[in-house]
Amino acid sequence: ASYASTMKVWVERGEMPLPAADPSCRPYVGHERMNLSDEEVALFAAWADAGAPLGAEADRTVGLEVPDLGLDDTDVTVPMIREHTLELAEDRNEYFCQVLENPFTETTYITGIDVDLGVPEVVHHMVFAIDQGGDAGIEYGTDGQTDEFQCRTPVVESDWLLIHAWTPGMEAVEFAEGQGFRVEPGQQLVLQMHYFGDPANPPTDLSAYKLRTTDTVDRPVEMAVIGPTGFTIPAGDDGFTASDGLRNSYGVDFEILGAFPHMHLLGSHFNSWIVKADGTEDCLLDGRYDFDHQMTYMFERPPVLADGERMRFECTWDNSADNSDQYNDPPRDVPYGEATTEEMCFLLFYYSIL
């Protein structure tokens, strides 16, 4: 009860629960526990104002527990091949990659994806991918034969087929019945770890991916990404935006199964939509952004990106001194870049061909 007034403030400000996509744009799995209606906010405020009463014992929900949002039925674990002691640069960042052991001996489809973080407090992101050329590292200056390397620039290699990306707050990803991401035996699996921590006290990490798999699906799933680069956010600007898009010119229709918007600490809002053939817009994602609650939003009713239609994605940042996540005093221009103290604007999305 002593914290009720503080909790009320955070609920009324929309900071509790943590900001998430607006389900009125497009409902997604889990939206009912990530958002409060106006009526629920008012009910919570009234409870706090009344002194946070416990209520009647007869009305208590027996057995109410915090849900475990991880996957409990994974059957394959793909760990880092060896422990890594972080080698953080002066700006506190490290991008580190390993070529993982491919555990599959036949065509396999991934139907669920979860992670096991070794040192959660230093993991900015994880990327799990297939290097289609079998020469991971070559675009980072290696000979393409080593099993671990530094991989800060470019963000990912041009021939990587992304399977999944994890960031703080992310829940497990599950595909609908009959859908899965295909992995072949012998394909080169790559893990990219972006660490952000204290160079004076670098920990040793051993993270892993945990997968639920099957040997056949009705519709294979793939991942793609769009987003602008080359932008600079002016110092003091509390509403700078940048956007990017793509046109479906492949002669087929795609179903957009889920999407993951990604920015860094100054991100404040994301917006994505489909421009239909008649010029109307179909909302895909719209919401306030919080670095600590980044989600892959799997849609309850996946939209269709038809042949000839366009998909757009826009990011908004708050680079003002009033932003509680501001890390520059005073604010300075912030460029696009890989460091946590730079900014990105990417939308990673799962799709399947109809």
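Look above for the structure.
A short tour of the structure in this document, coming up. (Residues numbered from 1 in each chain as written. Predicted model: local features only at pLDDT ≥ 70, side-chain atom pairs only at ≥ 80, totals over all residues. Heavy atoms only, no water.)

### Quick look at the packing of aromatic side chains
(1) Moving on: One pass over the structure, following the stated rule, counts 15 aromatic pairs.
(2) Moving on: Between phenylalanine 175 and tyrosine 350 the ring centres are 4.9 Å apart and the planes differ by 85°, which places this aromatic pair in the edge-to-face class. With phenylalanine 175 in the loop between β8 (173–174) and β9 (179–183) and tyrosine 350 in strand β23 (residues 346–353), the pair connects residues that are 175 residues apart, well separated along the chain.
(3) Moving on: Taking 6.2 Å as the distance between ring centres and 35° as the angle between the ring planes, the aromatic pair formed by phenylalanine 270 and tyrosine 297 counts as tilted. Here the residue phenylalanine 270 occupies a position in strand β17 (residues 267–275), and tyrosine 297 occupies one in strand β19 (residues 297–298), the gap between them amounting to 27 residues.
(4) Moving on: A relative accessible area of 2% places phenylalanine 270 in the buried class. (Phe/Tyr/Trp six-rings, centres within 6.5 Å; stacked < 30°, edge-to-face > 60°. Helix = DSSP H or I, 4+ residues; strand = E, 2+ residues; numbered from the N terminus. Buried < 20%, exposed > 50% of the residue type's maximum accessible area, 1.4 Å probe, protein only.)

### Quick look at the sheet that holds strand β5 (residues 123–131)
Sheet strands pair via backbone hydrogen bonds, and the direction of the pair is either parallel or antiparallel.
(1) Moving on: Spatially, β6-β3-β10-β5-β7 is the arrangement adopted by the five strands of the open sheet, whose pairing is antiparallel. Both outer strands of the open sheet, β6 (148–150) and β7 (160–166), are each paired with one neighbouring strand and no more. Put simply, the sheet's adjacent strands are angled 20° from each other on average, direction ignored.
(2) Moving on: The pairing of β5 with β7 spans six bridges and is antiparallel. When the sheet's bridge partners are listed, aspartate 131 is paired in β7 with tryptophan 160. (Pairing = 2+ DSSP bridges. Axes fitted to C-alpha atoms, helices over the stretch in contact; angles between N-to-C directions.)

### A few points about the environment of arginine 332
(1) Moving on: Checked against the element boundaries, arginine 332 lands in the loop between β21 (310–317) and β22 (334–335).
(2) Moving on: Arginine 332 sits in the partly exposed class, given a relative accessible area of 38%.
(3) Moving on: Among residues more than four places away in sequence, those in contact with arginine 332 are Ile233, Ala235, Asn319 and Thr341.
(4) Moving on: At 3.4 Å, the side chain of arginine 332 and the side chain of asparagine 328 are in polar contact. (Contact = heavy atoms within 4.5 Å. Polar contact = N/O pair within 3.5 Å; in protein donor to acceptor, adjacent residues only side chain to side chain.)

### Re the state of the cysteines
(1) Moving on: Taken as a whole and judged by the stated rule, the model has three disulfides.
(2) Moving on: A sulfur-sulfur separation of 2.0 Å characterises the disulfide bridge that pairs cysteine 25 with cysteine 283. The sign of the -105° torsion about the S-S bond sets the cysteine 25-cysteine 283 disulfide as left-handed. Within this pair, whereas cysteine 25 is found in the loop between α1 (4–12) and α2 (31–34), its partner cysteine 283 is found in strand β18 (residues 281–288), the two being separated by 258 residues in sequence. (Disulfide = S-S within 2.5 Å.)

### Quick word on the nonpolar core
A general tendency of soluble globular proteins is for nonpolar side chains to be buried together.
(1) Moving on: In this structure, Ile113, Ile163, Phe181, Tyr195, Tyr209, Leu211 and Tyr350 are the most contacted members of the largest nonpolar core, which totals 54 residues.
(2) Moving on: Aside from chain neighbours lying at most four places away, what touches isoleucine 113 is Leu71, Ile163, His164, Ala172, Val173, Phe175, Tyr209, Lys210, Leu211 and Tyr350.
(3) Moving on: One finds Phe254, Tyr289, Tyr297 and Tyr351 within the second-largest nonpolar core, a separate group that totals 33 residues. (Core = buried A, V, L, I, M, F, W, Y, C linked by side-chain atoms within 4.5 Å.)

### Quick notes on the pairing of strand β16 (residues 254–262)
(1) Moving on: Counting buried positions over the nine residues of β16 gives nine, a clear majority of the element.
(2) Moving on: With two bridges connecting them, β16 and strand β20 (residues 304–305) associate as antiparallel partners. Across the sheet, the residue bridging to glutamate 255 is valine 304, located in β20.
(3) Moving on: Pairing geometry for β16 and β23, over eight bridges, is antiparallel.

### Points about helix α3 (residues 38–49)
(1) Moving on: Over its twelve residues, α3 runs 16 Å from end to end, which matches the ideal 16 Å to within 8%, given 1.5 Å per residue.
(2) Moving on: Looking one or two residues beyond α3, the residue adopting positive phi is glycine 51, at roughly 90°. (Expected span 1.5 Å × (residues − 1).)

### So, the side chain of histidine 194
(1) Moving on: Examined against the element boundaries, histidine 194 turns out to sit in strand β10 (residues 188–196).
(2) Moving on: With residues up to four places along the chain from it excluded, the contact list for histidine 194 reads Asn93, Glu94, Tyr95, Val122, Val123, His124, His125, Glu338, Ala339 and Thr340.

### Side note on the layout of surface pockets
(1) Moving on: There is about 690 Å³ of room inside the largest pocket.
(2) Moving on: Residue lining of the largest pocket: 31 residues in total, with Leu162, Met223, Ala224, Val225 and Ile226 positioned closest to the centre.
(3) Moving on: Those elements giving two or more residues to the lining of the largest pocket turn out to be β5, β7, β13 (219–226), β15 (240–247), β16 and β23.
(4) Moving on: In terms of residue count, the dominant contributor to the lining of the largest pocket is β13 (five residues).
(5) Moving on: Counted by class, the lining of the largest pocket contains 21 nonpolar, seven polar and three charged residues. (1 Å grid on protein atoms, 1.4 Å probe; cavity = no way out; pocket = protein on both sides within 12 Å on 5 of 7 lines; lining within 4 Å. Points joined across faces, edges and corners; volume = space filled by probe spheres on them. Nonpolar A, V, L, I, M, F, W, Y, C, P; charged D, E, K, R; others polar.)

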